[in-house]
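Fold and geometry: a report
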Amino acid sequence: MERGNFGSKIGAVLAAAGSAVGLGNIWRFPTECGSNGGAAFILIYILCVLLLAMPVMVAEFVIGRASRSNTVGSYRVLAPGKPWVVSGFLGVLGGFMVLSYYSVVAGWTLDYAFESISGGLLAHTDYGAVFNDFVSSPWRPVVFLGIFLFVTHCVVAAGVEKGIERFSKVLMPLLLLIIFVLIGFSISMPNASTGISFLLKPDFSKVTKDVILSAMGQAFFTLSVGIGTLATYASYFNKETKLVKTALGVCTIDTMVAVSAGFIIFPALFSVGVDADSGPGLVFITLPYVFNEAFGNMPVLEYIFSALFYVLLVLAALTSTISMHEIGTAYIHETFKLTRPKAAMVVTAICLTFGIICSLSFGLWKEVTVMGMTFFDLFDFITAKFLMPLGGLLICTFVGWDMNKKLVASELNSRFTPLLMILFSWVAPIGIGIIFVYGLISG
Ligand code: PFF
């Protein structure tokens, strides 16, 4: 079967960076950073990116490009008859689950983008009530979830080069541009310097075991590693794409966007005297309030700032949902020989069904719980705390210990190969093992 390919190296980097940069950077990172002490958290997070998550990313690239197959097929090519294929199946399952619940939050961002563009958001003052009414409604978030999945579906169905690559090449630069404009707004607000020093001056007295573990979890989620997303993308890389350089590029872009999101949010928060530690509601409840306080007497600026911010969230989420969708689409397309659009249809239908279930857990099915968690929390728990760390551990262990050494070296083609082998074989599996065990115990 003729396989898709990224037409250019830059297209490959931007698609992988598009997968990594998402709600994890702009929504989850500031929340985690705010509740875990700012600069000290950022330093530990960067260490986790370098020592744990980046090795998994490189290992995924190696597996994907060496096999030129989807995440299940890759183990059938590289280790036929061995049980590593389980890691591929866990990846496909993880892709379905992440896409289902992530699209719910992505749908919220779409609603907020529409509301801020139409001016509806600015007409309110009680943002907590607005958010709670919205997420608990049985139909509105479901409609936005459906629209989001439909757009994701159309891009994926259009193919690797015509859909994913073309889209990423336009969206990623646009996203970076919006980020720069927003930072400019934010740091020129009165008193912004308090927020800036929160981000730059580490206070190590705040560092506890929990802070380190949160930083590791964040590194994993934000780089999209552990469930074969990037292995799938790497199967479309051409031979000239340098894997280690690409991984470094993606990690740099991702970390810059996360830190930039901090520079957009914290100076604005401190400027109006809002607590940095306001949890997951930060982006949907606290920020509209901040926009309102900051620009209340300049409605045009308030309008531009909030509209740009939510459009930014939508774009970032979209390039990530596309990559999650591709895991299942590539698997079904190549395994069951369905056409790409049909394979994509199957993924969209399954994720819409589970997405609706996750969405309803904020309203109608709030009381329905499994192991004490709503469906939304359960999906988040199983993927972020179980499937991604376990997958990352298996991926590094496979490349470090079992995959043909010559093939690994020729794929890496880098002077860092000996160092990377130590990271794959020892550092990453042990470090990830700690998160994994802790995640399961602390539930
Ligand atoms: N890295 C994405 C983000 O930071 O929002 C989330 C993500 C994408 C997780 C793709 C998993 C995945 F397979």
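You'll find the structure just up there.
Residues numbered from 1 in each chain as written. Predicted model: local features only at pLDDT ≥ 70, side-chain atom pairs only at ≥ 80, totals over all residues. Heavy atoms only, no water.

1. What about the overall build of the protein?
This is how it is decided: Counting from the N terminus, the helices are the DSSP runs of H or I reaching at least four residues and the strands are the DSSP runs of E reaching at least two. Accessibility here uses a 1.4 Å probe with only protein chains present; expressed as a share of the type maximum, an area under 20% marks a residue as buried, one over 50% as exposed, and anything in between as partly exposed. Contacts are assigned to residue pairs with any non-hydrogen atoms lying within 4.5 Å of each other. Here the Shrake-Rupley method, with its probe set to 1.4 Å, supplies the accessible areas, and only the displayed protein chains count as covering residues.
In terms of helices and strands, the protein carries 18 helices and 0 strands. Each principal axis of the C-alpha atoms in the protein carries an extent, and together these give about 65 × 45 × 45 Å. Every one of the 443 residues in the protein was classed for burial, and the buried ones make up 60%. Sequence separation of at least 24 residues holds for 82% of the intrachain contacts in the protein that already meet a minimum separation of 6. Summed over its atoms, the accessible surface of the protein is roughly 16,900 Å², and 69% of this surface lies on carbon and sulfur atoms.

2. Details of the side chain of Thr229
Residue placement: Thr229 occurs in helix H11 (residues 229-234). Not counting chain neighbours up to four residues away, the residues in contact with Thr229 comprise Ser19, Glu60, Ser224, Ser323, Met324 and Ile327.

3. Focus on helix H13 (residues 286-295)
Buried within H13 are the following residues: Thr286, Leu287, Pro288, Val290, Phe291 and Phe295. In this structure, the buried residues of H13 make contact with helix H5 (85-118), helix H6 (127-136), helix H8 (160-187), helix H12 (243-271) and helix H14 (299-335).

4. What to know about the site of the ligand
Put simply, the test is: For this purpose, a residue is taken to be near a molecule or strand whenever a single non-hydrogen atom of the residue falls within 4 Å of it. In the analysis that follows, any N or O atom pair within 3.5 Å is treated as a polar contact, provided that within protein one partner can donate a hydrogen and the other can accept it, and provided that, for residues neighboring in sequence, both atoms belong to side chains. In this count, Pro and Cys sit with the nonpolar residues alongside Ala, Val, Leu, Ile, Met, Phe, Trp and Tyr, while Asp, Glu, Lys and Arg are called charged and the others, Gly among them, polar.
In the neighbourhood of the ligand, 16 residues make up the surrounding shell, with Ala20, Gly24, Tyr102, Phe221 and Thr229 lying closest. At a separation of 3.3 Å, an oxygen atom of the ligand approaches a polar side-chain atom of Asn25. Here a nitrogen atom of the ligand sits 3.0 Å away from a polar atom, N or O, in the side chain of Ser224. Contributing elements (two or more residues each) for the shell around the ligand: helix H1 (9-20), helix H2 (23-35), helix H10 (209-222) and H14. Class assignment of the residues belonging to the shell around the ligand gives a composition of 7 nonpolar, 9 polar and no charged.

5. What about a nonpolar patch on the surface?
To keep it simple, the criterion reads: What goes into a patch is any residue over 30% in relative accessible area without a salt bridge, connected to like charges within 9 Å or, for nonpolar side chains (Val, Leu, Ile, Met, Phe, Trp, Tyr), within 5 Å. By definition, a salt bridge exists where a carboxyl oxygen of Asp or Glu is found within 4 Å of a side-chain nitrogen of Lys or Arg.
A cluster of nonpolar side chains, Ile46, Leu47, Leu50, Leu51, Trp401, Ile422, Trp426, Val427, Ile430 and Ile434, forms an exposed patch at the surface whose accessible area comes to about 940 Å². Of all elements in the fold, only helix H3 (39-67) and helix H18 (417-442) reach the threshold of two or more residues within the nonpolar patch. Examined against the element boundaries, Trp426 turns out to sit in helix H18.

6. Let's talk about helix H15 (residues 340-360)
Selection criterion: Expected span of a helix, by definition, is 1.5 Å for each gap between consecutive residues, and there is one gap fewer than residues.
For H15, which comprises 21 residues, the first-to-last C-alpha distance of 30 Å matches the rise-based estimate of 30 Å (1.5 Å per residue) to within 8%. Taken together, the buried positions of H15 are Arg340, Ala343, Ala344, Val347, Thr348, Cys351, Gly355, Ile357, Cys358, Ser359 and Leu360. Structurally, H15 contributes buried residues whose contacts are with H5, H6, helix H7 (140-157), H8, H14 and helix H16 (375-402).

7. Quick word on unusual backbone geometry
Residue Arg68 is not a glycine yet carries a positive backbone phi of 50°. Structurally, Arg68 is set in the loop between H3 and helix H4 (71-78). Exposure remark for Arg68: the relative accessible area of 29% places this residue in the partly exposed category. Here Asn413, not a glycine, exhibits a phi torsion of approximately 40°, which is positive. By the secondary structure assignment, Asn413 is in the loop between helix H17 (405-412) and H18.

8. Comments concerning the nonpolar core
As a reminder of what qualifies: What we call a nonpolar core is a set of buried Ala, Val, Leu, Ile, Met, Phe, Trp, Tyr and Cys residues that are connected through their side-chain atoms within 4.5 Å.
If you look at the biggest cluster of nonpolar residues, it comprises 156 residues, and the most contacted ones within it are Phe309 and Tyr310. In this view, Phe309 contacts Ile26, Leu182, Ile264, Ile265, Val283, Leu287 and Phe291; residues no more than four positions away in its chain are not counted.

9. Quick look at the packing of aromatic side chains
Put simply, the test is: Here the aromatic set is Phe, Tyr and Trp, taking the six-membered ring for Trp, and pairing holds for ring centres within 6.5 Å; pairs whose planes are under 30 degrees apart are stacked, those over 60 apart are edge-to-face, and all others are tilted.
One pass over the full model with this rule turns up 32 aromatic pairs. Plain terms: the ring middles of Phe29 and Phe41 are 6.1 Å apart, the flat faces sit at 50° to each other, and that makes the pair tilted. Here Phe29, found in helix H2, pairs with Phe41, found in helix H3; they are 12 residues apart in sequence, far enough to count as distant. Summarising the burial analysis for this pair, Phe29 and Phe41 share the class buried. On the numbers, 5.1 Å between centres and 80° between planes, the contact of Trp108 with Phe362 is edge-to-face. With Trp108 in helix H5 and Phe362 in the loop between H15 and H16, this pair connects stretches of sequence that are 254 residues apart. For Trp108, a relative accessible area of 5% translates into the label buried. Under the relative-accessibility criterion, Phe362 is labelled partly exposed at 22%. What links up through ring pairs into an aromatic cluster is the set Tyr101, Trp108, Tyr112, Phe114, Phe131, Phe134, Phe144, Phe284, Phe309, Tyr310, Phe362 and Phe376.

10. Here's the deal with the environment of Asp402
By the element assignment, Asp402 lies in helix H16. Take Asp402: its relative accessible area is 29%, and that puts it in the partly exposed class. Between the C-alpha atoms of Asp402 and Val368, which are 34 residues apart in sequence, the distance is 43 Å. Residues in contact with Asp402, not counting those within four places in the same chain, are Lys82, Trp84 and Thr397. Reaching out from Asp402, the side chain makes a polar contact with the side chain of Trp84 at a distance of 2.8 Å.

11. Side note on the environment of Leu145
Within the secondary structure layout, Leu145 lies in helix H7. Judged by relative accessible area, which is 0%, Leu145 ranks as buried. With sequence-adjacent residues up to four places away left out, Leu145 is seen in contact with Ser100, Ser103, Val104, Gly107, Leu352, Gly355 and Ile356.

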